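# Geometric and topological summary
Listed below are the residues making up each chain.
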Amino acid sequence: MENNKKMNSIHSSRRRFIQQTAMAGTGLILMQHTPVFSQSNGIRKMTDKIKSKGYAAKDASGTLSPWEFERRPVGDNDILIDIKYASICHSDIHQMKGDWGPQQYPQVPGHEIAGIVTAVGRNVTKFKVGDRAGVGCMVDSCLRCDSCNHGEEQFCDNHATLFTYGYPDKASPSGITQGGYSNNIVVRDHFAVHIPGHISLQEAVPLLCAGITTYSPLMRANFKRGDKIGVAGIGGLGHLAIKIAVAKGADVYAFTTSPGKIKDALAFGAKEAVLVDNTSKLAQYKGKLDYMISTIPAQYDVAAYASAVKRGGFYTQVGMPVGFQLALSNIGLANTGVNFNASLIGGIPETQEVVYYCADNKVLPQVQIINAAEVNDAWEKVIAKQARYRFVIDTATL
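Residues numbered from 1 in each chain as written. Predicted model: local features only at pLDDT ≥ 70, side-chain atom pairs only at ≥ 80, totals over all residues. Heavy atoms only, no water.

Another aspect to go through is the side chain of Thr213. In this fold, Thr213 is placed in helix 5 (residues 210–220). Polar side-chain contacts of Thr213 include one of 2.7 Å to the backbone oxygen of Cys209. (Helix = DSSP H or I, 4+ residues; strand = E, 2+ residues; numbered from the N terminus. Polar contact = N/O pair within 3.5 Å; in protein donor to acceptor, adjacent residues only side chain to side chain.)

Residues Ile79, Ile81, Val187, Leu218 and Ile242 are the most contacted members of the largest nonpolar core, which totals 66 residues. Residues in contact with Ile81, not counting those within four places in the same chain, are Gly115, Ile116, Val117, Ala133, Val135, Asn183, Asn184, Ile185 and Val187. Ala56, Ala372, Val382 and Ala387 belong to the second-largest nonpolar core, a separate cluster that totals 22 residues. (Core = buried A, V, L, I, M, F, W, Y, C linked by side-chain atoms within 4.5 Å. Buried < 20%, exposed > 50% of the residue type's maximum accessible area, 1.4 Å probe, protein only. Contact = heavy atoms within 4.5 Å.)

Quick look at the pairing of strand 2 (residues 50–57) now. With 6 of 8 residues buried, strand 2 lies mostly within the body of the structure. Where strand 2 meets strand 3 (residues 64–71), 8 bridges bridge the pair, whose relative direction is antiparallel. When the bridges of strand 3 are listed, Ser52 appears paired with Phe69. With antiparallel pairing between neighbouring strands as the criterion, strand 2 and strand 3 make up a hairpin whose turn holds 6 residues, including Gly62 at a positive phi of roughly 85 degrees. (Pairing = 2+ DSSP bridges.)

The next thing to look at is helix 6 (residues 236–247). Look at helix 6: 17 Å from first C-alpha to last across 12 residues, which is about the 16 Å you get at 1.5 Å a residue. A large share of helix 6 lies buried, amounting to 10 of its 12 residues. Among the residues of helix 6, Gly236, Leu237, Gly238, His239, Leu240, Ala241, Ile242, Lys243, Ile244 and Ala245 are the ones counted as buried. Turning to helix 6, the residues buried within the fold contact helix 5, strand 11 (228–232), strand 12 (251–256), helix 7 (262–267), strand 14 (289–294) and strand 18 (390–394). A positive phi of about 100 degrees marks Gly249, the residue just after helix 6. (Expected span 1.5 Å × (residues − 1).)

A few words on the sheet that holds strand 16 (residues 339–342). The 6 strands are arranged 13-12-11-14-15-16 in an open sheet whose pairing can be described as parallel. Here the strands that pair on one side only, and so sit at the sheet edges, are strand 13 (272–275) and strand 16. Direction aside, neighbouring strands of the sheet carry axes that sit 20 degrees apart on average. Sheet topology places strand 11 next to strand 12; 5 bridges connect them, and they run parallel. Counterpart to Ala232 in the pairing with strand 12 is Phe255. (Axes fitted to C-alpha atoms, helices over the stretch in contact; angles between N-to-C directions.)

Given two aromatic rings, their pairing is described by the distance between the two centres and the angle made by the two planes. Scanning all chains against the criterion turns up 11 aromatic pairs. Centre to centre, the rings of Tyr181 and Trp379 are 6.4 Å apart; their planes meet at 70 degrees, and the pair counts as edge-to-face. Here Tyr181 is found in the loop between strand 8 (162–163) and strand 9 (184–188), whereas its partner Trp379 is found in helix 11 (residues 375–383), with 198 residues between them in sequence. Ring geometry for Tyr253 and Tyr285: centres 6.3 Å apart, planes at 70 degrees, overall edge-to-face. Remark: Tyr285 occurs in the loop between strand 13 and strand 14 and Tyr253 occurs in strand 12; sequence separation between them is 32 residues. For the pair Tyr253 and Tyr285, one class covers both residues: buried. Each member of the aromatic cluster is reached from another via a ring pair, and the members are Tyr253, Phe255, Tyr285, Tyr300 and Tyr305. (Phe/Tyr/Trp six-rings, centres within 6.5 Å; stacked < 30°, edge-to-face > 60°.)

Structural data, given as C-alpha cells:
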C-alpha cells in the first residue's frame, strides 16, 4: 500500500510537471518584451532568408545527395540553430522512399537535431544566443487547443501539427519543412528543447525521437520496480527502451532476430536476451511479462509476441512499418487477452523531460559518428540491421 501511494504521488507530480511546463512554454511565446533578435556574427534583417546546405532525397530511390536551399527568415517567435549533429532514424528512410505515401522532393530528412542557438526572435525568452538546443519530430502546432495546452502538441486538436520534414509549410521557401541533415534550422522556440551541459550533443540527439518515442509509453505503463518488461526489436529505439526501463527499475527481457545483438542487450542491462529466430521461442515466456513495447518497424506476428504478456496486460507498438499498416490476427490477439495499443512520439514538455532524465541518470544511447558523405552507406546498414545503435552525422562535414 505504501509503495502504491508513493508511485501515485510520483506520477501525479510528473503529470503536473508536464502540464505546467506546457502552459509556461505557451505563455512565453505570447509575451512581449524588448527586441533581442541577434546573431553571433552580427545583426541580420528580419526579412532575410537563411542560406542552408544539407543532404536531400531528390526522388524515391532512397539515395541522398548534397543540396543548397533556403529557410524562412527568423520570425519574432523563432530561433536559428547552428546544427552540430543529426542522427539517422529508420523513419527517415521510410519517408524518403515513399513507404508512407508520395513525397515532395527535394526533401532533407532528419528529426533528431542538436546544436547551438545563433539567433533569437524579438519575442523569445526561452533561449538566448549560445544556448545548446535540440529539435525533434515537430516544429509547430496551433498552441491554443486543449492538447497543445496540455503538452501533447503531436495530437493538436486543430490538426496543425507540423512535423520536421516533408510537411506542407507556407513559410518555407521550398513549400515543405526541411529536416536536420543540414547545417542549420529555423524553428519556433516552443518546439526546441534545452540540452544540458552534462550530456554531449552527439549523445543527446537520438533522445529527440528514439528516446521520447520509447520513454513516453514506458512512463504511461506505470510499471513498478521489479516488474518484467519486454522490449521487442533491439535497434535505435529498442536499445534505448532497454536502458530507460532498466534505469526505472524494471527486469527487462529483450527479444531480437539478430544473433549479434544478444550480448549487447545484456550489456545494456537486460535480465534476459532472447534470439527469436522462430516464434516458437516465445512459447516459454507465455504470460510471463507485465508489459511489452515493440519497436519492430516491419510486419511480424504480433500475437506471438503479445502472448508473452500476462492476460490483461498491455502491449505497445511504436515501430512504423511500410504503409503504416500492421497486419494483425484478430483471433490470435484475442486469445492472448492482452490490451494492444500504439504510441506516437511525445509532447514537447515530455521530450524535455526525457532529455533531462537521461542526462541526469547517464542513460546514454550508443552512437556511431559518421561524416555526411557516409549517409547513404549508413542507411544501407540501418536497413540491414547493422547499426550499433544510432548513426549520428557530424554536420561540420557537410
